[in-house]
Amino acid sequence: VVNNVSIPEYPLEGFTIDNNFRLYPNDIGFLICTYGYEIKAAILADKTIEKKPDDLVLGTAKGGIYEALAAEMLTKSGHRNLHFYKSETGTIEMEFLIEGQDGIIPIEIKAGRNKSRSLSELLKNNKIKYGYKFSSQNAGIAGKKITLPLWLLAFL
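Residues numbered from 1 in each chain as written. Predicted model: local features only at pLDDT ≥ 70, side-chain atom pairs only at ≥ 80, totals over all residues. Heavy atoms only, no water.

## A word on the overall build of the chain
What counts is decided by this rule: Think of it this way: any DSSP run of H or I at least four residues long counts as a helix, any run of E at least two long counts as a strand, and we number them from the N terminus. The cut-offs for exposure are 20% and 50% of the maximum accessible area for each residue type, with area from a 1.4 Å probe on protein chains only; residues under the lower value are buried, those over the upper are exposed, and the others partly exposed. The criterion used for residue contact is that any of the two residues' heavy atoms lie within 4.5 Å.
When its secondary structure is counted, the chain shows 4 helices and 8 strands. Here the chain, with 156 residues, has 44% of them falling under the buried criterion. Residue pairs in contact within the chain that sit at least 24 positions apart in sequence constitute 49% of those at least 6 positions apart.

Written out as structure tokens, the structure reads:
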């Protein structure tokens, strides 16, 4: 269970919105098993994760799979109290927020090499020292944004 917060500020639990949450499976394999044949075939046929899929269904499914995988990795690495943030206008959406020694840490998950506008917007907040973007890109740092390959999320 990943709860929504009204404001991405510490303590996250104090800003939780009742009855507004996302559910992620404990096992990514079970999630993929629930998909129909067309999506499974599209996932198997998708050779390049870098390019945007021509198939809108695959693009949406891939994003959902990456988010579920991220939730599973975060939970299994000890982050039990996950939150997400979506602004009232819907212009900013952060997949995960965790609390660490440095305060609130936003985590954005990208299935490809897309820009991370929401993370960039949140990092303008002086109370947030840094944030992570996990994607299929190589590691890098740009200002307060730390970009890492998705598989490193298991070690966060």
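## Quick look at the pattern of salt bridges
Inclusion rule: We count a salt bridge whenever a side-chain nitrogen from Lys or Arg sits within 4 Å of a carboxyl oxygen from Asp or Glu.
In this structure the tally under the stated criterion is 6 salt bridges. The shortest N-O distance in the salt bridge between lysine 127 and glutamate 9 comes to 3.5 Å. Of the two residues, lysine 127 is situated in the loop between α4 (117-122) and β6 (131-135) and glutamate 9 in the loop between β1 (2-5) and β2 (16-22); the sequence distance between them amounts to 118 residues. With a relative accessible area of 24%, glutamate 9 lands in the partly exposed category. Salt-bridge contacts for lysine 110 lead to glutamate 108; the nearest nitrogen and oxygen are separated by 3.7 Å.

## So, the pairing of strand β5 (residues 103-109)
Quick reminder of the rule: Strands are labelled as partners when DSSP assigns at least two bridges between them.
Most of β5 sits inside the fold, with 7 of its 7 residues counted as buried. Pairing of strand β4 (residues 93-100) with β5, which is carried by 5 bridges, proceeds in the antiparallel orientation. The partner of leucine 97 across the bridge, within β5, is proline 106. Strand direction decides the pairing type here: β5 and β6, joined by 3 bridges, are parallel. Residue pairing in the sheet places isoleucine 107 in a bridge with tyrosine 132 of β6.

## Points about the packing of aromatic side chains
Applicable threshold: Stacked, tilted and edge-to-face are the three classes assigned to paired rings of Phe, Tyr and Trp, where Trp is represented by its six-membered ring and a pair needs centres within 6.5 Å; plane angles under 30 degrees give stacked, over 60 edge-to-face, the rest tilted.
Counted according to the given criterion, the structure contains 4 aromatic pairs. Seen from their ring centres, tyrosine 24 and phenylalanine 96 are 5.8 Å apart, and the 45° between their planes marks the pair as tilted. Of this pair, tyrosine 24 sits in the loop between β2 and α1 (28-34) while phenylalanine 96 sits in strand β4, and the two are 72 residues apart along the sequence. Measuring from centroid to centroid gives 5.7 Å for tyrosine 130 and tyrosine 132, while their planes differ by 85°, and the two rings are edge-to-face. In terms of burial, tyrosine 130 and tyrosine 132 fall into one category: buried. Aromatic rings pair up to connect Tyr130, Tyr132 and Phe134 into one cluster.

## Points about the sheet that holds strand β3 (residues 83-86)
Operational definition: Only the stretch in contact is used when fitting a helix axis, every axis being a line fitted to C-alpha atoms; angles between N-to-C directions are given from 0 to 180 degrees.
Taken in spatial order, the 8 strands of this open sheet run β2-β1-β3-β4-β5-β6-β8-β7, and their pairing is mixed. Of all the strands in the sheet, the pair left with one neighbour each is β2 and β7 (140-142). Pairwise comparison of adjacent strand axes, ignoring direction, gives a mean angle of 35° for this sheet. Here 3 bridges tie β7 to strand β8 (residues 145-149), and the two strands are oriented antiparallel to one another. By the bridge assignment for β8, alanine 142 is matched with lysine 145.

## A few points about the side chain of histidine 83
What counts here: What qualifies as a polar contact is a pair of N or O atoms within 3.5 Å, subject to a donor-acceptor requirement within protein and to the restriction that residues adjacent in sequence count only when both atoms come from side chains.
Residue placement: histidine 83 occurs in strand β3. Within the structure, the side chain of histidine 83 is placed 3.5 Å from the backbone oxygen of asparagine 81, a separation counted as a polar contact. With near-sequence residues (within four places) excluded, histidine 83 lies in contact with Val2, Asn3, Val5, Leu12, Glu13, Thr16, Glu95, Phe96 and Leu97.

## Observations concerning the nonpolar core
One broad trend across soluble globular proteins is that nonpolar side chains are buried collectively. Put simply, the test is: By convention a nonpolar core is built from buried Ala, Val, Leu, Ile, Met, Phe, Trp, Tyr and Cys residues, the set being connected through side-chain atoms within 4.5 Å.
Phe96, Ile107, Ile109, Tyr132, Phe134, Leu150 and Leu153 are the most contacted members of the largest nonpolar core, which has 29 residues in total. Sorting the residues of this core by element identifies α1, α3 (56-76), β4, β5, β6 and β8 as the ones contributing at least two each. A per-element tally of this core places α3 first, with 8 residues. Apart from the residues lying within four places of it in its own chain, the contact partners of leucine 153 are Ala70, Met73, Leu74, Ser77, Ile107, Ile109 and Phe134.

What is shown is where atoms sit, not what they do.
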